[in-house]
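Structure at a glance
Residues per chain are reported as follows:
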Amino acid sequence: ILNRVSDLDAELQIVNIRIERMESTLQGHAIRYDQDKVQVSPSDRVADVMADMEELLLKQKRLQRDLLKAEQETADLIGRLKDGKHRLVLTYRYTAGLSWEKIGKRIGYDERHARRLRDEAVNQLCKSKDVRKCP
């Protein structure tokens, strides 16, 4: 559960980049009014790009929905921990996506100690009955 937020966020970023590229591709195509009727030349791929764009937009919405759900599940899981430092470390790492160096600075410890706190927190979560998968 903890890594799901960053995985979904990365996948969503890739989809967003692809959508931006398709939008820029579409902006380069204009309707040709010098023809008797409006048509797309055989070399234009506008219809194909539009179809792909629709699929990507649907995927984007699904990923956004899944990301929100994963963020909530992660927050709920982290909220089960009694120790505030443990909650803070897991929140910084798995919700905010901070580096270990930044986490250590924010909580007033070095990077190694921040990792130790994470390990302790994950071990406590693994001991609980309702956590499905543990390392």
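Report follows, based on the coordinates. Computed from a predicted structure; not experimentally measured.

Scoring rules and cut-offs
Note that residues are indexed from 1 along each chain, following the sequence as it is written. With pLDDT at 70 or above as the cut-off, local features in this predicted model cover only qualifying residues; side-chain atom pairs require 80 or more to be listed or tallied, and sums for whole chains, interfaces and linings still use all residues. Values shown for side chains rest on all heavy atoms present in the structure; no hydrogens or waters enter the calculation. Strands here mean DSSP runs of E at least two residues long; helices mean DSSP runs of H or I at least four residues long; both are numbered from the N terminus. Each residue's exposure class comes from its accessible area (1.4 Å probe, protein chains only) as a fraction of the maximum for that residue type: buried when under 20%, exposed when over 50%, partly exposed otherwise. Angles run from 0 to 180 degrees between N-to-C directions of axes, and those axes are lines fitted to C-alpha atoms, restricted for helices to the stretch in contact. Orientation labels follow simple angle bins: below 35 degrees gives roughly parallel, above 145 gives roughly antiparallel, 65 to 115 gives roughly perpendicular, and whatever is left gives oblique. The sense of a crossing depends on the near helix, which, turned anticlockwise from the far helix by less than a right angle, makes the crossing left-handed and, turned clockwise, makes it right-handed. The residue classification treats Ala, Val, Leu, Ile, Met, Phe, Trp, Tyr, Cys and Pro as nonpolar and Asp, Glu, Lys and Arg as charged. All others, Gly included, are polar. We call two residues contacting when some pair of their heavy atoms lies within 4.5 Å. To estimate the expected span of a helix, count its residues, drop one, and scale the result by 1.5 Å. Each pair of aromatic rings taken from Phe, Tyr and Trp, with Trp reduced to its six-membered ring, is defined by centres within 6.5 Å and is described as stacked if the planes are under 30 degrees apart, edge-to-face if over 60, and tilted in the remaining cases. The rule for a charge over a ring is simple: NZ of Lys or CZ of Arg within 6 Å of the ring centre, and within 35 degrees of the ring normal. Note on definitions: salt bridges are taken to be side-chain nitrogens of Lys or Arg within 4 Å of carboxyl oxygens of Asp or Glu. Patch membership requires more than 30% relative accessible area and the absence of a salt bridge. Residues of like charge join within 9 Å; the nonpolar side chains Val, Leu, Ile, Met, Phe, Trp and Tyr join within 5 Å. To measure how exposed things are, a 1.4 Å probe is used in the Shrake-Rupley method; for residues, cover is taken only from the protein chains shown. We score Asp and Glu as negative and Lys and Arg as positive, and we do not count His or the chain ends. Where a charge sits is defined by one atom per residue type, namely NZ (Lys), CZ (Arg), CG (Asp) or CD (Glu).

1. Let's talk about the environment of Asn3
- Mapped onto the elements, Asn3 comes out in the segment before α1 (4-27).
- Residue classification places Asn3 among the partly exposed positions, given a relative accessible area of 45%.
- Each C-alpha atom, one on Asn3 and one on Tyr94, is 6.5 Å from the other, the two residues being 91 residues apart in sequence.

2. Quick word on the packing of α1 against helix α2 (residues 46-79)
- With their axes 9 Å apart at the nearest point, α1 and α2 run at an angle of 155° to one another. One finds that α1 runs roughly antiparallel with respect to α2. Where α1 crosses over α2, the two elements pack in a sense that is left-handed.
- Grouping the constituent residues of the contact of α1 with α2 by class yields 16 nonpolar, 5 polar and 10 charged.

3. Details of the packing of α2 against helix α3 (residues 84-95)
- In contact at an axis separation of 10 Å, α2 and α3 are set at 165° when each is read in the N-to-C sense. Relative to α3, α2 is oriented roughly antiparallel. Relative to α3, α2 is oriented so that their crossing is right-handed. Seen from α2, the contacting residues are Thr74, Ile78 and Gly79; seen from α3, they are Arg87, Leu90, Thr91, Tyr94 and Thr95.
- When its residues are assigned to classes, the contact of α2 with α3 shows 3 nonpolar, 4 polar and 1 charged.

4. Thoughts on α2
- If you check α2, its first and last C-alpha atoms are 48 Å apart, about what 34 residues at 1.5 Å a residue would give, namely 50 Å.
- Where α2 is concerned, the buried positions are Val49, Met53, Leu56, Gln60, Leu63, Leu67, Ala70, Thr74, Leu77 and Ile78.
- Where the residues of α2 are buried, they touch α1, α3 and α5 (111-127).

5. Remarks on the packing of aromatic side chains
- One pass over the structure, following the stated rule, counts 0 aromatic pairs.
- Geometry around Tyr92 places Arg106 over its ring, the cationic atom sitting 5.3 Å from the centre.

6. Brief notes about the pattern of salt bridges
- Under the defined criterion, the tally for this structure stands at 5 salt bridges.
- As a salt-bridge pair, Lys59 and Glu11 come within 3.8 Å of each other at their nearest N and O atoms. On the criterion of sequence distance, the pair formed by Lys59 in helix α2 and Glu11 in helix α1 is long-range, its members being 48 residues apart.
- Across the pair Asp66 and Arg62 runs a salt bridge whose closest N-O atoms are separated by 3.3 Å. Of this pair, Asp66 and Arg62 are both found in helix α2, 4 residues apart, which corresponds to roughly one turn of the helix.
- Looking at Asp66, the relative accessible area reads 21%, which means it is partly exposed.

7. A short note on a negative patch on the surface
- A surface patch of negative charge is lined by Asp48, Asp52, Glu54 and Glu55.
- Counting through the fold element by element, Asp52 comes out in helix α2.

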